[in-house]
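Structure at a glance
Chain residues, written in single-letter form:
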Amino acid sequence: MHHTVPKLNDPSLLKTNVAYVNGEWVQAKSGKTFEVTDPSTGKTIGVAPEMDAEDTKLAIDAAAAAFPEFRKKTGRERSKLLRRWYDLCVENSEDIARLITWENGKPFADAKGEATYAANFFEWFSEEAPRLYGDTIPASVPGNRVVTIKEPIGVCALITPWNFPAAMITRKIGPALAAGCTVVAKSPGETPFTALALAELAHRAGVPKGVINIISALKNTPEVGELLTTSPVVKKVSFTGSTPVGKLLMKQSSSTLKKLSFELGGNAPFIVFDDADLDTAVAGAIASKFRSSGQTCVCANRLYIQSGIYDKFAESFAAKVKEFKVGGGYTDGVTHGPLIHDRAISKVDAHVRDAEKKGGKVLVGGQKMPELGDNFYQPTVISGMTTDMDLASEETFGPVAGLFKFETEEEVVRLANNTEVGLAGYFFSKDIQRVTRVAEALEVGMVGVNTGLISDPAAPFGGVKESGFGREGSKYGVGDYQVTKMITYGGNEQPLQK
Ligand code: SIN
C-alpha cells in the first residue's frame, strides 16, 4: 500500500537508540535495543534501548538527586518551565503529530488533535503550579494553630500506554512537575519516540537535569516495572494500562507502600433512550466508539439502544460507519487507521466471530483487511447482541460496535453496571430528570450526557471499581503528586507582652 512517511520539520526530534537520563541521551548499559515498527506497514522506524534494572536504577538515582533542588523552586518558577515546554510543544505540534501517526498509526488529523490535547496538560498545570494552597484550620485545642502545606511526594514512576503516545505522558508529567516532583517515565514499548521528542523539548525549555528521565523497554518491561514499584526511593507510581497489570503493580508496590494512581481498563456502556435526539446520539456513538479505531480506555464498548429507537439508530449508525475510509494515517481522506498489532486484530476478530456464532448480525464490516496490511480491520457494527457474547463482558479495544436492545431504564442501568470495571459511561436523553437519575446511578468515574467525547485537561479523568483510582487533569490532578503536611503551632494562648 502507498504510504509515504513525511519528513519532520525538525529531524532532530526523532531520537533513535537513546533514552533520556539525567539530562543526557544515553543507550542501554547492555547495548541492547528493540525495534519499533510502523503499524500501518510493519516497517521498522528505528530502534530504542532495551533497558533493564541497572538502567532503571540510574534513572531513579538521577531523579532522586535532582529532587532536593527542584522541590525548592517556587510554584511560579515551575509554572514558567511548564509554560515554556507547552509553547515548544505547540510550535512543534506538527512534528509531534507525525511521530504519533508513525508509531501509533492513528490518522494524522487525530494525531494533531492528540498533540494539542497533550500540550494542553502542560498549559493547564503551568496554571495550577503557583496556586497549590494549603489550609488554615481552627484548632480544637486552645492556643494551638493548625495549618497544612502541600509538599511534593518525591520521585515518581510513570508508566504509560501506546494508545496516546503523547497525551498519557504529559497528563502525568505536567502535574508531577507542577507539584515539585521529579520523575522516571517508562515509555510504551510500541511508541517510545513521541515521548523522546517531548523530552528533547523539555531539555530546550530548560527543565533541569534529572527532573525528567525517560527510559524504554519492550521485553524487559516486567523487570523495569518491578524496580519502579519496589525501589524505596520511588514514592509514587502512576500507571495507565490494563487491569491485570495494575493489580500486579499494586501488589509489588505494597512492599514499600507507595502512593498509587491507576487508570485501568474500561468497558463503557453507551445508552440511547427513546427520547434522545437521533443525530446527536449517532454522532456521539461514532466519536466515542471509533476514536483511535476503538483503542481508548473510554471508548463505548457496549451500545444499549432502547427498543423504540433501535432500528432507526442501527440504520443511521451503520450508514455512517460505511462512509469511513480505512488506511495508512498519512493518506489524505483516511478517517481510521490500523490497530496497534496483530494480537489486537485477533482479539477483535474473535469477538466478531463469537457474536456471529451466537446469533449477532453483522451490519457493516466484520473482516480483516489484508489488502491494506496485517493490522487493519473493517469498522464493524453488529446488531442483535446478547449478554452471553464475549463482547458483552470484555473490553474489545478495537473498531467493533455491538448493539444491544433494551426496554426499561431500570434494566439498562443494571446491565450497564454489571461489570467489575467502571471508567466512562455515556447516555443520550432529553428528559432532564432521567438525565440526573441515570448519571447518578451509573457506576463509573466519568459520565458523558448527550456527548461521546469527555476528555479535557480541565475535567477529572479516572475510574471506580477495577478501573482504578486517582484523578488526572483538572484541579484534582496535582493532588495525586502531593502529600498534605499538617503543622500545629502550640503555646499561642499567652497574653500580649507588656
Ligand atoms: C485512555 O484511553 O486511557 C485515555 C483516553 C483519553 O484521554 O481520552
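Residues numbered from 1 in each chain as written. Predicted model: local features only at pLDDT ≥ 70, side-chain atom pairs only at ≥ 80, totals over all residues. Heavy atoms only, no water.

**A closer look at helix α8 (residues 243-253)**
So the rule is basically this: We call a residue buried when its accessible area falls under 20% of the maximum for its residue type, exposed when it is over 50%, and partly exposed in between, using a 1.4 Å probe and counting protein chains only. Only runs of H or I of at least four residues qualify as helices and only runs of E of at least two qualify as strands under DSSP, and these elements are numbered from the N terminus. Only heavy atoms enter the contact rule, under which two residues are in contact if any of them lie within 4.5 Å.
Every buried residue belonging to α8 is among Thr243, Gly246, Leu249, Gln252 and Ser253, and all of these are buried. Check the buried side of α8 and you find it contacts β7 (155-159), α7 (221-230), β10 (234-240), β11 (259-263) and β17 (421-422).

**With respect to helix α5 (residues 167-179)**
Let me state the cut-off plainly: A helix is expected to span 1.5 Å multiplied by its residue count minus one.
With 13 residues, α5 extends 19 Å from end C-alpha to end C-alpha; this agrees with the ideal 18 Å at 1.5 Å per step. Burial analysis of α5 places 13 of its 13 residues in the buried class, which makes it a mostly covered element. Backbone geometry just after α5 places Gly180 at a positive phi near 100 degrees.

**Quick look at the sheet that holds strand β6 (residues 145-152)**
The condition is simple: In this description, strands pair whenever DSSP reports at least two bridges between them.
Pairing is antiparallel across the open sheet formed by 3 strands, whose spatial order is β5-β6-β22. In the strand order of this sheet, the two ends are held by β5 (136-137) and β22 (482-489), each with one partner. As judged from the 8 bridges shared by β6 and β22, these two strands associate in the antiparallel manner. The residue bridging Val147 from the neighbouring strand is Ile487, located in β22.

**Some points on the packing of helix α2 (residues 75-91) against α5**
To keep things clear, this is the line we draw: The angle between two axes is taken between their N-to-C directions and runs from 0 to 180 degrees, where each axis is a line fitted to C-alpha atoms and a helix contributes only its stretch in contact. Throughout this description, any angle smaller than 35 degrees is read as roughly parallel, any larger than 145 degrees as roughly antiparallel, any in the 65 to 115 degree range as roughly perpendicular, and the remainder as oblique. Two helices crossing with the near one rotated counterclockwise from the far one by less than a right angle form a left-handed crossing, whereas a clockwise rotation gives a right-handed crossing. Nonpolar residues are Ala, Val, Leu, Ile, Met, Phe, Trp, Tyr, Cys and Pro. Charged residues are Asp, Glu, Lys and Arg, and all others, Gly as well, are polar.
The geometry of α2 relative to α5 is characterised by a closest axis approach of 8 Å and an angle of 155 degrees between their N-to-C directions. Viewed along their axes, α2 and α5 adopt a mutual orientation that is roughly antiparallel. Seen from above, α2 lies across α5 with right-handed handedness. Between α2 and α5, the residues in contact are Arg78, Leu82 and Trp85 and Ile173, Gly174, Leu177, Ala178 and Ala179, respectively. Across the contact of α2 with α5, the residue classes tally to 6 nonpolar, 1 polar and 1 charged.

**A short note on the sheet that holds strand β18 (residues 424-428)**
A sheet is described by the order of its strands in space; here 7 strands give the open sequence β14-β15-β16-β13-β12-β18-β19, paired in mixed fashion. Across the chains shown, the open sheet's two edge strands, defined by having one partner strand only, are β14 (361-364) and β19 (446-449). Across this sheet, the average inter-strand angle for adjacent strands is 25 degrees, counted without regard to direction. Of the strand pairs in this sheet, strand β12 (residues 268-272) and strand β13 (residues 300-306) are connected by 5 bridges, and their pairing is parallel. Along β13, the bridge assignment pairs Ala268 with Ala300. In the packing of helix α11 (residues 342-357) onto the sheet, the strands contacted are β14, β15 (380-383) and β16 (400-406), and the crossing angle to β15 comes to about 25 degrees.

**Comments concerning the state of the cysteines**
The condition is simple: Here, a disulfide means two cysteine sulfur atoms that sit within 2.5 Å of each other.
Evaluation of the coordinates by the stated rule reveals 0 disulfides. Its sulfur unpaired, Cys181 is 3.8 Å from the next cysteine sulfur, which belongs to Cys156. Lacking any disulfide linkage, Cys297 is separated from the closest cysteine sulfur, that of Cys299, by 8.6 Å. Given a relative accessible area of 11%, Cys297 falls into the buried group.

**Let's talk about unusual backbone geometry**
In this structure, Asn450 is a non-glycine residue whose phi angle is positive, near 60 degrees. Mapping Asn450 onto the fold places it in the loop between β19 and β20 (464-465). A residue is classified by how much of its surface remains accessible, and Asn450, at 33% relative accessible area, is partly exposed. For Lys465, which is not a glycine, the phi torsion comes out positive at approximately 50 degrees. The residue Lys465 is located in strand β20 in this model.

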